[in-house]
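Architecture and fold: a report
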Amino acid sequence: MLLLRKQTAFYLTDLETPLGKAINLTIAGLVLLSSVIFVADTYTIPNAVRVQLNIVDTVISIIFAVEYALRLWSTDNKIKYIFSFYSIVDLMAILPFFMGMADIRFIRLLRWFRILRLIRFLDKKSFFGKINTEDGLILGRILFTLFTIIFVYSGLIYQVEHPVNPKVFRTFLDAFYFSIVTMTTVGFGDVTPISELGRLLTVSMILTGIALIPWQVGDLIKRLVKTVNQVETVCSGCGLAFHDADAQFCKACGTKLSGIECEVSTYSLDK
């Protein structure tokens, strides 16, 4: 039983083995699919199609519940897992379905925060062969983070405003447009919320945009400045790409850097 638990925990987080990749890609695909269903539900579609989408959404919710139960069962520190960020998001996503709460399905949209798990794939050169520099990884993380937060805010503002302001927030695209305009502090004013909760979300969007965007972009600029005088030296031990020009050992893992074990090329901002 202990071996089975360890194997379950391993494959639910593994990104190297074929089975681990298949499991994690399937979960990520279901997260994307559930989000697509949420978006489609905001548009006028035939009832027959809507019924089919609801069935698919129900199956996905059951799969997510099974995944949550397996993660909880296989972890050694269950208390720590229960109060972890992703566990709370997972629980909020599945509880409304099983408790039969009315018209709060938008809480499932919080599962979109789990798309941040895809950032781990960016660290695997075997997964995304073209993203093999630290700057590329940082840029990927920035894009994932920004898109995820904008998408979640869009879903929340739509769910809050559509019932009371349907002429302005007609579809998810209206909410998505409003979120981008708000978070970038452009503020055209052609789409505005009227409910108190909608205005509170708008304030949260503005604060998030002010705090998040400069921080993320600043992280990228800092990395670019830091690596101007470095060379691209791929460590055979951990895969770290950049080191000081006179470095003999990897600064991350201590592996000896040599012409046999690594590939070296001059790094520049023009690259």
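The model shown is predicted, which means the values in this text are computed figures rather than measured ones. (Residues numbered from 1 in each chain as written. Predicted model: local features only at pLDDT ≥ 70, side-chain atom pairs only at ≥ 80, totals over all residues. Heavy atoms only, no water.)

Bringing the overall build of the chain into the picture now. When helices and strands are tallied, the chain shows nine helices and three strands. Ordered by position from N to C terminus, the α and β elements of the chain give α-α-α-α-α-α-α-α-α-β-β-β. In the chain, which comprises 271 residues, the proportion classed as buried is 40%. At a minimum sequence separation of 6, the contacts of the chain that also span at least 24 residues come to 58%. Accessible area for the chain stands at about 15300 Å²; split by element, carbon and sulfur atoms hold 68% of it. (Helix = DSSP H or I, 4+ residues; strand = E, 2+ residues; numbered from the N terminus. Buried < 20%, exposed > 50% of the residue type's maximum accessible area, 1.4 Å probe, protein only. Contact = heavy atoms within 4.5 Å. Areas by Shrake-Rupley, 256 points an atom, 1.4 Å probe, with all protein chains shown as cover.)

Before going further, it helps to examine a nonpolar patch on the surface. On the surface, Met1, Leu4, Ile62, Val66, Leu70 and Trp73 cluster together into a nonpolar patch covering about 560 Å² of accessible area. For the nonpolar patch, the leading source of residues is helix α3 (residues 47-74), giving four residues. Along the chain, Ile62 turns up in helix α3. (Patch = residues over 30% accessible without salt bridge, like charges linked within 9 Å, V, L, I, M, F, W, Y side chains within 5 Å. Salt bridge = Lys/Arg side-chain N within 4 Å of Asp/Glu carboxyl O.)

Okay, the UniProt feature "transmembrane region" (unreviewed entry) in the chain next. UniProt's feature table lists "transmembrane region" (unreviewed entry) at residues 21-39, 51-70, 82-102, 138-160, 172-191 and 197-217, given in the numbering used throughout. Helix and strand shares over residues 21-39 are 100% and 0% respectively, and the end C-alpha atoms of the span are 27 Å apart. (UniProt positions renumbered as here; feature names shortened; annotations may be inferred.)

The next point concerns helix α1 (residues 2-13). Every α-helix winds through 3.6 residues per turn, so residues three or four apart in the chain are directed the same way. With 12 residues, α1 extends 17 Å between its outermost C-alpha atoms, agreeing within 8% with the 16 Å of an ideal straight helix rising 1.5 Å per residue. All buried positions along α1 are accounted for by Arg5, Thr8 and Leu12. In an axial view of α1, the angular spread of the buried residues amounts to 65°, which keeps them on one side of the axis. Exposed residues lying more than 90 degrees from the buried face of α1 are Leu2 and Leu3. (Expected span 1.5 Å × (residues − 1). Arc of directions from axis to C-beta.)

On to the pattern of salt bridges, then. Evaluated as defined, the whole model comprises four salt bridges. Where Asp41 meets Arg50, a salt bridge forms, and the shortest distance between an N and an O atom there is 2.4 Å. Given the relative accessible area of 27%, Asp41 is considered partly exposed. Measuring nitrogen to oxygen at the nearest pair gives 2.7 Å for the salt bridge that ties Glu67 to Arg71. Of this pair, Glu67 and Arg71 are both found in helix α3, four residues apart, which corresponds to roughly one turn of the helix. Comparing Glu67 with Arg71 shows no difference in burial state: the two are buried.

Take the packing of aromatic side chains next. The tally for this structure, following the rule as stated, stands at eight aromatic pairs. Aromatic pair Phe151 and Phe172: ring centres 4.8 Å apart, planes at 45°, arrangement tilted. Of the two residues, Phe151 is situated in helix α7 (residues 134-161) and Phe172 in helix α8 (residues 172-183); the sequence distance between them amounts to 21 residues. We classify Phe151 as buried; its relative accessible area is 7%. Among the aromatic side chains, those forming a connected cluster through ring pairs are Phe38, Phe147, Phe151, Phe172 and Phe176. (Phe/Tyr/Trp six-rings, centres within 6.5 Å; stacked < 30°, edge-to-face > 60°.)

Let us now look at the packing of helix α2 (residues 18-40) against α3. Between α2 and α3, the least distance of the axes is 10 Å, while the angle of their chain directions is 140°. The two elements α2 and α3 meet at a crossing, and its hand is left-handed. Here Asn24, Ile27, Leu30, Val31, Leu33, Ser34, Ile37 and Ala40 of α2 lie close against α3, whose contacting residues are Leu53, Val56, Asp57, Ile60, Ile63, Phe64, Glu67 and Arg71. Partitioned by chemical class, the residues of the contact of α2 with α3 number 11 nonpolar, two polar and three charged. (Axes fitted to C-alpha atoms, helices over the stretch in contact; angles between N-to-C directions. Left-handed = near helix turned anticlockwise from the far one by under 90°. Nonpolar A, V, L, I, M, F, W, Y, C, P; charged D, E, K, R; others polar.)

Below, the discussion takes up the packing of α1 against α2. Angle between the axes and distance between the axes are the two parameters that describe a pair of packed helices. Interaxial distance between α1 and α2 falls to 7 Å at its minimum, and their mutual angle equals 65°. Classified by the angle their axes make, α1 and α2 are roughly perpendicular. Each of Tyr11, Leu12 and Thr13 in α1 lies in contact with α2, whose residues at this interface are Leu19, Gly20, Ile23 and Asn24. Its residues placed into classes, the contact of α1 with α2 shows four nonpolar, three polar and no charged. (Parallel < 35°, antiparallel > 145°, perpendicular 65-115°, else oblique.)

Turning our attention to α8. The terminal C-alpha atoms of α8 lie 16 Å apart, and with 12 residues this matches the ideal 16 Å at 1.5 Å per residue to within 8%. For α8, the buried fraction is high: nine of the 12 residues fall into the buried class. Restricting attention to buried positions, one finds in α8 the residues Phe172, Asp174, Ala175, Phe176, Phe178, Ser179, Val181, Thr182 and Met183. Just downstream of α8, Thr185 is the residue with a positive phi angle, here 55°.

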